[in-house]
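# Architecture and fold: a report
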Amino acid sequence: SIETTYVSEPVLAEASARYTAQSEENLSKVLEAVRSAFNNEQVLLDAPRGDVGEMCAAALLGYGIDSARKSLSTQPTYMSEPVPLQDLLSQLGLEIVHDNLVEGWNVNF
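The residue numbers shown here count from 1 along each chain, following its written sequence. A pLDDT threshold of at least 70 governs which residues receive local features in this predicted model, and a stricter bar of 80 or more applies before side-chain atom pairs are shown or counted, although totals over entire chains, interfaces and linings include all residues. Values shown for side chains rest on all heavy atoms present in the structure; no hydrogens or waters enter the calculation.

### Structural notes on the pattern of salt bridges
As a reminder, the rule being used: Throughout this description, the term salt bridge denotes a Lys or Arg side-chain nitrogen within 4 Å of a carboxyl oxygen of Asp or Glu. Note on conventions: DSSP H or I runs of at least 4 residues are helices, E runs of at least 2 residues are strands, and numbering of each starts at the N terminus. Throughout, exposure labels follow a simple rule: accessible area from a 1.4 Å probe, protein chains only, divided by the maximum for the residue type, with under 20% read as buried, over 50% as exposed, and the rest as partly exposed.
All chains considered together, the criterion is met by two salt bridges. Between Glu 25 and Lys 29 there is a salt bridge, and its shortest N-O distance comes to 3.7 Å. A residue pair is termed a helical-turn pair when its members lie 3 or 4 positions apart in one helix, as Glu 25 and Lys 29 do in helix H2 (residues 24-38) at four residues. On the basis of relative accessibility, which here comes to 45%, the residue Lys 29 falls in the partly exposed class. One salt bridge in this structure joins Arg 35 and Glu 32, with 2.6 Å as the shortest N-O distance. Here Glu 32 and Arg 35 lie together in helix H2, a separation of three residues that amounts to about one turn. Residue classification places Glu 32 among the partly exposed residues on the basis of a relative accessible area of 39%.

### Details of the nonpolar core
The following threshold applies: The set of buried Ala, Val, Leu, Ile, Met, Phe, Trp, Tyr and Cys residues whose side-chain atoms join them within 4.5 Å is what this entry labels a nonpolar core.
Counting residues in hydrophobic clusters, the biggest one holds eight residues: Ile 65, Ala 68, Val 83, Leu 85, Leu 88, Leu 89, Val 102 and Val 107. When residues of this core are traced back to their parent elements, those giving at least two are helix H3 (49-72) and helix H4 (85-91). Looking at this core, the element that brings in the most residues is H4, giving three residues. Membership of the second largest hydrophobic core comes to five residues, among which are Val 34, Val 52, Cys 56 and Ala 59.

### Here's the deal with the environment of Pro 82
Stated formally: Whether two residues are in contact is decided by their heavy atoms, any of which lying within 4.5 Å being enough.
Tracing the backbone shows Pro 82 in the loop between H3 and strand S1 (83-84). Judged by relative accessible area, which is 49%, Pro 82 ranks as partly exposed. Taking the C-alpha atoms as reference, Pro 82 lies 9.8 Å from Ala 68; in sequence the two are 14 residues apart. With sequence-adjacent residues up to four places away left out, Pro 82 is seen in contact with Asn 106, Val 107 and Asn 108.

### Details of the side chain of Thr 20
With respect to the helices, strands and loops of the structure, Thr 20 is situated in helix H1 (residues 8-22). Residue Thr 20 is classed as buried on the basis of its relative accessible area, which comes to 6%. In this structure, Thr 20 is in contact with Asn 26, Leu 27, Val 30, Asp 66 and Lys 70, ignoring residues within four places of it in sequence.

### Some points on H2
Short version of the rule: Each helix should span, by expectation, one fewer than its residue count multiplied by 1.5 Å.
Helix length check: H2 (15 residues) gives 21 Å between terminal C-alpha atoms against 21 Å at 1.5 Å per residue, within 8%. By the burial criterion, the buried members of H2 are Asn 26, Leu 27, Ala 33, Val 34, Ser 36 and Ala 37.

Set out below in structure tokens:
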């Protein structure tokens, strides 16, 4: 049997994280492109509506995790570095009532 792997998605995720972390202008460009795609103002990909929604969710979660990483360190943001789940949820405006439920959990996208 033949086994193939595709490393492009993690590589593209890392490149995107580095690009958006470079400046607020870069981040704004990416978020504007996602907004335009979601509102059918700009065709980024010829995909079913669900795929565009998935892209928007991924962009928002990516923004949240990048913001969480930046709040934890002055070092550059890299997708390979996990962050505490509570910090991500906090960046997304969600409050955890029972902190011990997510204590010790880390996330990475």
